[in-house]
Amino acid sequence: MDGRVMMMVVVMTVLKGMVVMSQTASPYVNVTGWTLSRLGNESISVGGRVPGGVYSDLLAANVLSGGDIYYRYNDMDYRWVSKENWTYSTTVRADSSFLNHTRVALVFEGLDTAAEVLLNGESVGASNNMFVRYLFDIKAALLASSDNTLEVRFESPVEYAARQYDIQSASYIVPPKCVDPAFKGECHANHIRKMQASFSWDWGPAFPNSGIWKDWYIAAWDTLTISDIIFSAEPTAELPSVPDPNFMPGWTATVKVWCDAAISSGEVPGSLTIALGRIYTMNYHVTATVVNHKASLEFNITFLENQINMWWPNGYGAQPLYTLTATWVSEDEAETSAKSVRVGFRTVELNQDFIEPNDTTKGRHYRVFVNNVFMFMKGSNWIPAHVLPEMVTPEYTRYLMQAAADTHQNCMRVWGGGIYESDVFYEIADELGILIWEDLMFACSMYPVNEDFLETVEAEMVTQIRRLQHHPSILLWASNNENEKALRGNWYGTSSDFERYKADYITLYVDTIKAVVQEEDATRPFVVSSPSNGIESEEEGYVAENPGDTHYGDKHYYNYLSDAWVGSETPITRFASEYGFQSWPSFITMESVTIEEDWNRESALMYHRQHHPLGQEELALQIGLHMHMPPQDGSVKAYEDYLYLSQVHQAVAVKVETEIYRRWMSEVNEKGEGYTSGALYWQLNDIWQGASWASIEYGGRWKMLHYYAKKFFAPTLISAYLEGDNLLVYVVNEGFEPITSGSVVINLHRYDTLGIVFIYTQTSVDVPGQTSKLVANISLTMDLEISEHCQSGLSDPEDMCFITAQIQDSDELLLGPETFYLLEKPKYALLLHAAVEVGDIIGPTQTQYSNWTFAVTVRTDVPALFVWLETTHPGVFSDNGFIMTEAETAVQFYAGEEVTAAELQASMSVKSLTDTYAQRYGGETLAEGILHPNDIRNIW
């Protein structure tokens, strides 16, 4: 063994598509620009961008002349593109010396999707899976010439999927036959291995794209080239159950290096150097055994105590990353290949122990431990940031991920109907400490299990697991989204032949996917489905009688009919991996892709953008339970108010549900339900400008929900709700130090009076670490004396008052964000019209959040609910959607670009709930504060 780092001249020639296209010449090989074409009666030929796709190229060439693909009805108007066959072509010049190497291969990191690859008119390969890395041998077809023609002929994904469906249906139907009509999409996405949501979903449009969507290159070599690095590490000492930044155990690491070989089988001698930053470098003399052009080399490395800092999720510690480099040098030192990845040292466990070891009827836990520390998973679900992956920039990806981290999220579920995300996505997750629950890309469908399909799925698993395995952020693999539940629940009419579809389910997800994934990566938990009962589902033959049983595993829960602001129907589950409520984006976002005739909640465009069946009706119901729907008077104000109210509803509803899950973190009820260990709301981001469950609009504007997430995911949470006459107050202490001698402060407010009318304080509040605890049970009548403080002469006391609550330490400092609780639905409350206005804006100053930070003063004359600040300038506020109980409050605005205070002042608007009121009684507007001696319920 030689500990020196070996530096060699690279003579293996690699042609990177995007890099070499920018060069004027290469001594070995060169390529001209790409052309995208369609043959036929109306031929099209335009410049092509690689990596890229057909839609973006046609848009750039103005063939799609109706504007942005998301403008109005362009998802329908541009649909013809997905039903055509398209060809990308280019010319390659190759020098004779390039062809002297043992192997010459054309490598595509991603082809979307069904394509044949031709070189000089000769077929050299084909693809049928968007998620597979393809390597085609081309030495026999490539000429020492300046005009080698390279073509990638894509078949229409819509037509391909339909053809595969027809072939399968000759034996038996693999459902669903099509998506719900409300999706306005295309059929048979389950018969093609591409982004399932590209055929549409209930939150996004159909744009079934084609193209060379990832990097490509031509390589020539004689020995080995490194393709992937697999990394795992185990501590040599028991880890403490509480994070300790000073604890630096030793580690035993395993590094497995996968290589593409020039020969199909045999042995290749050489040396491999493994380096971990400046900590470790070792040169190994090796002989690689090659099978089917692949070779792997494995090494065990021991790191001593105090050499390695552990990687921690967001909120629990730092995220140190180490650059791991593998460098291959051939025996004759004529050829070298290197690859680097960043790794972190941590352990992960999905604990499914029985709740009570001696009583298996109480169910199992579903708890995440990282570095032997239990962590409540707080986070959201991720969908593709654009229906065309090539349109997503690293900067936008980082913005969205940072927005999750900034709201205390430590976990994100990559949903199984999208894509295995870009390398950049996982690198950012590593940096920010966001654990990734990685669904594999199968969602809401049954799938074929014919030989060809299983073969391409195996290749998909190998490609993706080897690409992603080294990332410390990846928590677990989950092989599908909702397919166990769909099968057992007969979502797609499978009950008539249940045993056949169950057998197919096991063949695909257990015998194939699970087997391959665990062979490639035995270091992480693997779950067969989400939702699922976990081990219990496996013991029931992988399809449980009741997937989503609250005593096991994870659950997806949606309820749009009961009162979401109360949450009485919310299941007390072990792990809530999906839940949420819809809202619409802001007017600023909607205006960018609509025209004035669309600005009505009953317009055709609004129903076109609402893909959730009965979504508009359900949303109107939920808004109407608590607030007044704006009038249908055709005004822009009524439309803007509707969009705003949808966000108010969503923010409060998800707040209520999330707090329920967090309250049940450390206790169980009489049914054995509880010990909830995760809350991942649906969903973080939007794919376009339409109705969805997202907390961040397409383009990055925060909805009210995202501001609320910053509070309901805070490490220390105070949560209050009403049971009869009693206000129950919980404190959730996520930290490891107990809260001792704390105080719960309940402030009673009147809607017609600024300030506090009564304060109730409960002292000596103690909450152990990592615990949720009921700390106060307060009577509205006896303790808060609302009959005395909330009299109006018009209605019940609850209609006049609301509550804010705080958890304070012994020095009266807040331990977590203040919360609020409305004693009555706002539409029944005796609200006065709040004249809310933006006051002084001072700045900019430089802060850790922005180089252009402004202090914004907001003023009101009476208490105001759901105060919403908005500006056309990019950026976020320190708080928004808040309750104003004082005449003046201050927030920060963190601008995303350079702007002056004057420009910000001119662009900023503010509204509160009573600004949406327009109903009149006796010729006067109630929202202007004209109250009448009738029951407020009868007035409305």
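Below: a short report on this structure. Since the structure is predicted, the reported quantities are computational estimates derived from the model, not experimental observations.

Interhelical geometry of helix 13 (residues 615-626) versus helix 14 (residues 636-663) gives an angle of 75° and a closest axis separation of 10 Å. Relative to helix 14, the element helix 13 lies roughly perpendicular. Counting all contacts with helix 13, which are made through Q616, L619, Q622 and I623, the residues of helix 14 involved are Y642, L645, S646 and H649. In terms of residue class, the contact of helix 13 with helix 14 is made up of four nonpolar, four polar and no charged.

On to unusual backbone geometry, then. Residue Q683 is reached from W682 by a cis peptide bond, and omega for that bond is 5°. Within the secondary structure, Q683 sits in the loop between strand 33 (678-681) and helix 15 (704-712). For the peptide bond that leads from G843 to P844, omega is 5°, which places it in the cis range. With respect to the element layout, P844 can be found in strand 41 (residues 837-845). At N490, a position not held by glycine, the phi torsion is positive, near 60°.

With antiparallel pairing, three strands are arranged side by side in an open sheet as 45-43-47. Whereas interior strands pair on both sides, the edge strands pair on one side only; in this sheet they are strand 45 (882-884) and strand 47 (909-911). Sheet twist, expressed as the average angle between the axes of neighbouring strands with direction ignored, equals 40°. Each of strand 43 (864-870) and strand 47 touches helix 14; the most contacted strand, strand 43, lies at about 115° to it.

Let us look at the environment of E667. Locating E667 in the fold gives a position in the loop between helix 14 and strand 33. Separated by 105 residues in sequence, E667 and S772 place their C-alpha atoms 7.9 Å apart. Beyond its immediate chain neighbours, meaning those up to four positions away, E667 contacts E673, G674, Y675 and Y730. Of the polar contacts made by the side chain of E667, one reaches the side chain of Y730; its length is 3.3 Å.

Within the secondary structure, E697 sits in the loop between strand 33 and helix 15. Buried and unpaired, E697 has R701 as its nearest opposite-charge partner, separated by 4.4 Å. For E697, the side chain forms a polar contact with the main-chain nitrogen of S586, separated by 2.7 Å. One polar contact links E697 to T589, side chain to side chain, over a distance of 2.4 Å. In contact with E697, not counting residues within four places along its chain, are Y396, P585, S586, T589, Q647, D686 and K703.

Below, the discussion takes up the state of the cysteines. Throughout the structure, instances matching the rule amount to two disulfides. Sequence-ordered numbering of the bonded cysteines in the protein chain gives a disulfide pattern of 1-2, 3-4. The closest cysteine sulfur to the non-disulfide-bonded C411 is located on C444, 19 Å from its own sulfur. On the accessibility criterion, C411 (0% relative accessible area) is buried. Free of any disulfide, C444 has its nearest cysteine sulfur in C178, 14 Å distant. Looking at C444, the relative accessible area reads 14%, which means it is buried.

Conventions used here
Residues numbered from 1 in each chain as written. Predicted model: local features only at pLDDT ≥ 70, side-chain atom pairs only at ≥ 80, totals over all residues. Heavy atoms only, no water. Axes fitted to C-alpha atoms, helices over the stretch in contact; angles between N-to-C directions. Helix = DSSP H or I, 4+ residues; strand = E, 2+ residues; numbered from the N terminus. Parallel < 35°, antiparallel > 145°, perpendicular 65-115°, else oblique. Contact = heavy atoms within 4.5 Å. Nonpolar A, V, L, I, M, F, W, Y, C, P; charged D, E, K, R; others polar. Pairing = 2+ DSSP bridges. Polar contact = N/O pair within 3.5 Å; in protein donor to acceptor, adjacent residues only side chain to side chain. Buried < 20%, exposed > 50% of the residue type's maximum accessible area, 1.4 Å probe, protein only. Lys, Arg positive; Asp, Glu negative; His and termini not counted. Salt bridge = Lys/Arg side-chain N within 4 Å of Asp/Glu carboxyl O. Disulfide = S-S within 2.5 Å.

Just geometry here; none of it tells us what the structure is for.
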